[in-house]
Structures are given as C-alpha cells and as structure tokens.
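What follows is the residue order along each chain.
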Amino acid sequence: MRIILFAGKGGVGKTSVSSATGLAAARKGLNTLVMSLDTAHSLADAFDLDRRLMDKNKGQPVAVADNLAIQEIDVVEEIDKNWGEVYRYFATLLNVTGLDEVLAEELAVLPGMEEVSALLYINRYLRQDNYDVIILDCAPTGESLRFVSIPTALEWYMRKLFQLERRVAKVARPVVKHFTDVPLPGDEYFDALERLFKRLEGVEKVLTDPAVTTVRLVTNPEKIVLRETQRAFMYFCMYHMSIDAVIINRILPARAAEGYFEHWRQAQLEHIEQAKQFFSPVPQFEVPFYDNEVVGAEALDRLGRELYQAQDPTDVFFRRPPYIFEKENGHYRLQVHLPFVSSEDVELANRGEDLIVRIGGFKQHIMLPRQLASRNPSGAKIDQDRLNITFE
Ligand SMILES: Nc1ncnc2c1ncn2[C@@H]1O[C@H](COP(=O)(O)OP(=O)(O)OP(=O)(O)O)[C@@H](O)[C@H]1O
Ligand SMILES: [Mg+2]
C-alpha cells in the first residue's frame with residue numbers, strides 16, 4: 001500500500017495534480033483511489049463527472065476509469081455512521097445552552113469530523129487491503145495540517161484526558177443535575193469515543209512511515225505561494241511526515257512569455273531558482289501553465305505525463321526527512337541532513353523566521369517554528385551526515 005498526500009496553498013493545483021497522479025497510477029495497473037479531504041470537493045469536476053452522480057453516491061467511492069475510483073466524503077452521511085453519540089451529545093449541549101435545535105445540529109458538526117472520517121476510511125482500506133495506492137487531495141494548507149495532527153492529538157486526548165474526564169463526569173453528574181440543565185456527557189458518549197479511537201488505531205504509524213506515506217507539496221513560482229510552501233514543508237517535518245517532492249505548477253512556457261507576460265516569466269524563473277535553494281535535496285517537478293483548464297481524462301493524462309515523465313508516479317522520490325525538530329531536556333534541537341560537510345564550513349544566521357545555514361557556496365533557508373524563531377542558535381555540531389543545531 002502506498003499513500004500520497006498532495007498539499008499546498010489554495011488554488012495552486014492540488015486537485016489537478018492529485019487526479020493526474022491517480023490516473024497515471026491506475027494506467028500502470030495499480031488499483032487506485034483518489035480521496036478528497038476538502039469540504040469544497042472538486043475531484044468530480046477535475047474528472048468532468050456529473051455532480052449528481054457523486055451526490056447520489058453518498059460519499060462512497062465512484063469508479064471513473066479502469067483501476068481508478070474517486071471519493072468525496074460526505075460529512076452528513078459520516079455523522080450517522082461514525083459520530084452518533086458524540087454528535088448527539090454536542091447537539092444537546094448546544095441546544096440547552098439556548099440554540100435553536102436545527103442550528104445546534106448544524107453547529108455540532110465539529111471541526112475535524114471530516115478529517116477523522118477520512119482517517120477512518122484510510123484505516124479501513126488499509127486493514128482490508130482494498131487499494132494499492134491512495135491519493136489524498138488535501139484542503140488548503142492550514143486544514144491539511146489539522147488532518148495530520150489529528151491522530152496524535154486524539155491519542156494524547158485518549159491517554160491523558162479521557163479517563164480523567166470520564167471519572168469527573170461520573171462523580172459530577174448527580175451533583176450538577178441540581179443546578180443546571182447543561183448535561184454532562186454520559187457513558188454512551190465516552191463509549192462512542194473509545195470505539196472511534198479503536199478504529200483509528202494504527203493510522204498514525206502508517207502516515208508517518210516514509211516507506212508508505214509521503215507528502216508532495218504543490219506550489220506555484222510566486223513569492224507568496226512559495227513562502228507558504230516553506231511553512232507547510234516545516235510543519236509536515238514537525239509531524240514527522242516525509243516530503244518526497246515539490247511540484248511547481250503553472251510555469252509560463254517561453255513562447256507564452258512574449259510581450260505582456262515577459263515580466264511574469266522572468267519573475268517565475270527567479271522563483272524557480274529560489275525554490276531550489278529552499279527545498280533541495282527534495283526533488284522538484286515542473287508543470288507548465290496550460291492553455292486551458294485541466295479537466296477530463298485527456299488533460300489529466302497529459303499533466304501526468306509531463307509531470308512524471310518516465311518515472312513511476314508512485315515511487316518514493318526522497319526517503320530522508322530533510323530536517324527534524326526535537327525538544328530534549330528543555331532544549332530545542334534542529335537536525336538537518338547535510339552529507340559531506342565538516343563543522344568548520346558551517347555558518348548560521350538567524351533572520352526573522354528563517355535560519356540561514358551557509359556551507360561554503362551552498363545556502364539553505366530553513367523556516368523555523370514559532371518556538372524557535374525568537375531564539376538564537378547556541379551551537380552547531382556535525383554528527384556523521386547530520387548537522388545538529390541547538391537553540392538557547
Ligand atoms: N498547469 C495548469 N495549467 C492550466 N490550468 C491549471 C493548471 N493547474 C491547475 N489549473 C486549473 O486551475 C484551477 C485550480 O486548480 P485546482 O482545482 O487543481 O487547484 P487546488 O489547489 O485543488 O484548489 P483548491 O485549493 O481550491 O482546492 C482549475 O480550474 C484547474 O483546472
Ligand atoms: Mg482542490
């Protein structure tokens with residue numbers, strides 16, 4: 001089983017690239033599913049499918065080509081199936097605190113339900129071995145990070161808070177009843193959460209296994225988009241997910257760059273050069289700006305071909321996490337994979353959110369997480385092929 005997540009800023013081409021990758025994998029004979037994690041689903045549009053067909057299918061996979069299915073999760077359907085008691089508790093809670101019943105039900109769709117529903121499907125497909133490849137078409141960056149953070153957060157909640165909350169609810173229920181109408185969650189709520197958690201067990205391990213799951217960041221050769229791509233790159237690293245490609249989409253071809261677009265093309269070339277500095281050694285793939293939207297099998301086939309050329313789209317293109325953030329004995333540490341260097345060569349500079357690592361003529365910008373951005377690097381040490389940077 002192979003899982004590939006396509007993430008990136010809104011509108012950069014995630015859905016197009018996910019669909020093209022799925023189609024390319026299916027063409028190789030692999031049983032493939034492309035799943036949309038975005039509430040504003042647009043997979044069906046990329047495949048030029050009748051919306052009604054998707055709606056009728058209630059969020060289940062729909063076959064779109066040989067070996068290829070697409071799935072757009074329908075959160076309303078999932079609530080019935082997975083969230084019964086949890087959902088009912090929140091709906092009652094909101095209702096007794098003064099909200100109209102319909103509105104309370106609407107609001108009880110918690111942020112994260114969609115993502116957890118997707119995780120439940122992924123786990124089920126894994127256990128039942130339904131697919132060779134699962135492609136995840138993510139929502140824009142912020143939400144896709146929530147998706148990858150959910151398994152860890154849930155595990156933490158179940159281990160640390162859950163037992164405590166359950167005991168408190170048990171003791172407090174008879175007392176609280178006399179003072180307020182606000183219900184404390186009953187045993188059904190806790191049982192439902194526990195069942196849900198059981199069904200999610202193991203999914204985190206799969207998502208952080210670099211041999212199974214990799215992230216591909218889709219970006220455009222523009223300053224602001226690249227900035228967000230760097231940020232996403234850092235966050236996925238922090239969640240121990242492995243990034244095996246950066247896909248630069250919408251590059252103006254030389255022949256389109258005469259006259260009006262000349263300046264755009266020049267700026268794009270500079271940004272592509274910059275992307276190299278930011279993301280190497282993670283390989284970068286390039287996709288031209290087409291003269292039309294990428295809709296339908298023919299256009300997707302072409303995108304897939306030009307993107308991967310002769311390579312297998314399901315290969316793991318890069319295997320090492322390029323950097324690892326850790327906290328050890330209260331000290332933050334950043335580990336950067338840098339083969340062939342010695343300590344004398346390394347120069348560090350902290351500029352705003354960025355740490356600039358200069359080694360001879362080579363320069364790498366690493367965007368730092370908030371906890372680190374305000375600290376100065378206090379030391380750097382080479383350990384085999386790794387550079388360890390500690391922070392004050
Ligand atoms: N290389 C390209 N050339 C021409 N059009 C493109 C290219 N890549 C994507 N598009 C078009 O741009 C639009 C947005 O692309 P897409 O839906 O794939 O982006 P997205 O990142 O999934 O957006 P969202 O964040 O809204 O989900 C679509 O109409 C798509 O057909
Ligand atoms: Mg999309």
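Cut-offs applied
- Residues numbered from 1 in each chain as written.
- Chains lettered and ligands numbered in written order.
- Predicted model: local features only at pLDDT ≥ 70, side-chain atom pairs only at ≥ 80, totals over all residues.
- Heavy atoms only, no water.
- Pairing = 2+ DSSP bridges.
- Helix = DSSP H or I, 4+ residues; strand = E, 2+ residues; numbered from the N terminus.
- Axes fitted to C-alpha atoms, helices over the stretch in contact; angles between N-to-C directions.
- 1 Å grid on protein atoms, 1.4 Å probe; cavity = no way out; pocket = protein on both sides within 12 Å on 5 of 7 lines; lining within 4 Å.
- Points joined across faces, edges and corners; volume = space filled by probe spheres on them.
- Nonpolar A, V, L, I, M, F, W, Y, C, P; charged D, E, K, R; others polar.
- Contact = heavy atoms within 4.5 Å.
- Expected span 1.5 Å × (residues − 1).
- Buried < 20%, exposed > 50% of the residue type's maximum accessible area, 1.4 Å probe, protein only.
- Near = heavy atom within 4 Å.
- Polar contact = N/O pair within 3.5 Å; in protein donor to acceptor, adjacent residues only side chain to side chain.
- Areas by Shrake-Rupley, 256 points an atom, 1.4 Å probe, with all protein chains shown as cover.
- Salt bridge = Lys/Arg side-chain N within 4 Å of Asp/Glu carboxyl O.
- Core = buried A, V, L, I, M, F, W, Y, C linked by side-chain atoms within 4.5 Å.

*Asks:* Can you lay out the sheet that holds strand S9 (residues 323-328) for me, pointing to particular residues and giving the numbers?
*Replies:* In a beta sheet, neighbouring strands are held together by backbone hydrogen bonds and run either parallel or antiparallel to one another. Spatially, four strands are ordered S9-S10-S15-S14 in an open sheet, and the strand pairing comes out antiparallel. Lying at the two open borders of the sheet, with one neighbouring strand each, are S9 and strand S14 (377-383). Going across the sheet, the axis of each strand differs from the next one's by a mean of 20 degrees, ignoring polarity. Relative to strand S15 (residues 386-391), S14 is paired through six bridges, and the arrangement is antiparallel.

*Asks:* Lay out empty space enclosed by the protein in plain terms, naming residues and giving numbers.
*Replies:* By the definition in use, this model includes one cavity of 30 Å³ or more. When its volume is computed, the largest cavity comes out at roughly 40 Å³. Looking at the lining of the largest cavity, the elements that each hand over two or more residues are helix H10 (223-238), helix H11 (262-279) and strand S13 (362-367). Its residues assigned to classes, the lining of the largest cavity comprises five nonpolar, two polar and no charged.

*Asks:* Summarise the sheet that holds strand S5 (residues 133-137); cite the residues concerned and give the values.
*Replies:* Strands sit in the order S3-S4-S2-S5-S1-S6-S7-S8 across an open sheet of eight strands; the sheet is mixed. If you trace the sheet from one side to the other, it starts and ends with strand S3 (62-65) and strand S8 (284-288), each paired once. Going from strand to strand, the sheet's axes swing by 25 degrees on average, the running direction of each strand aside. By the bridge criterion, six bridges tie strand S6 (residues 213-219) to strand S7 (residues 242-251) in an arrangement that is parallel. Looking across to S7, one finds that threonine 214 is bridged to serine 242. Packed on one face of the sheet, helix H6 (residues 113-128) meets strand S1 (2-7), strand S2 (32-36), strand S4 (68-72) and S5 and runs near 165 degrees to S2. Strands in contact with H11 are S7 and S8; relative to S7, the strand with the most contacts, it is inclined by about 180 degrees.

*Asks:* Kindly report on helix H1 (residues 14-27), identifying the contributing residues and their values.
*Replies:* With 14 residues, H1 should reach 20 Å at 1.5 Å per residue; the first-to-last C-alpha distance of 20 Å fits that figure. Summarising burial for H1: 13 of the 14 residues are buried, a large majority.

*Asks:* Can you lay out the site of ligand 1 for me, pointing to particular residues and giving the numbers?
*Replies:* Surrounding ligand 1, one finds 18 residues, the nearest of these being Lys14, Thr15, Ser16, Asn249 and Glu293. A distance of 2.8 Å separates an oxygen atom of ligand 1 from a polar backbone atom of glycine 11. Valine 12 places a polar main-chain atom, nitrogen or oxygen, 3.2 Å from an oxygen atom of ligand 1. In the complex, 80% of the free accessible area of ligand 1, which totals 630 Å², lies under the protein chains.

*Asks:* Before we move on, could you go through the pattern of salt bridges and cite the residues and values that matter?
*Replies:* For the structure shown, the criterion picks out eleven salt bridges. Between aspartate 244 and arginine 216 there is a salt bridge whose closest N-O contact spans 3.0 Å. Of this pair, aspartate 244 sits in strand S7 while arginine 216 sits in strand S6, and the two are 28 residues apart along the sequence. Here arginine 216 falls in the buried class, since its relative accessible area comes to 0%. When the shortest N-O distance is used, the salt bridge between glutamate 326 and arginine 333 registers 2.6 Å. Its relative accessible area of 30% is what places glutamate 326 among the partly exposed residues. Salt bridges here are not isolated pairs; linked through shared partners, they connect Arg2, Arg216 and Asp244.

*Asks:* Give a description of the pairing of strand S11 (residues 346-351) that names residues and reports values.
*Replies:* Pairing analysis gives six bridges linking S11 to strand S12 (residues 354-359), with the strands arranged antiparallel. Bridging across to S12, glutamate 347 finds its partner in arginine 358. Counting the residues in the hairpin turn of S11 and S12 gives two residues, including glycine 352, whose phi is positive at 60 degrees.

*Asks:* Give me the lowdown on the nonpolar core, citing residues and values where you can.
*Replies:* Among the nonpolar cores identified, the biggest contains 75 residues, and Leu5, Met35, Leu136, Phe147, Phe233, Phe236 and Leu334 are the most heavily contacted of them. Top element by residues in this core is H6. It accounts for eight residues. Listed in part, the 31 residues of the second largest apolar core include Leu68, Val133, Val218 and Leu307.

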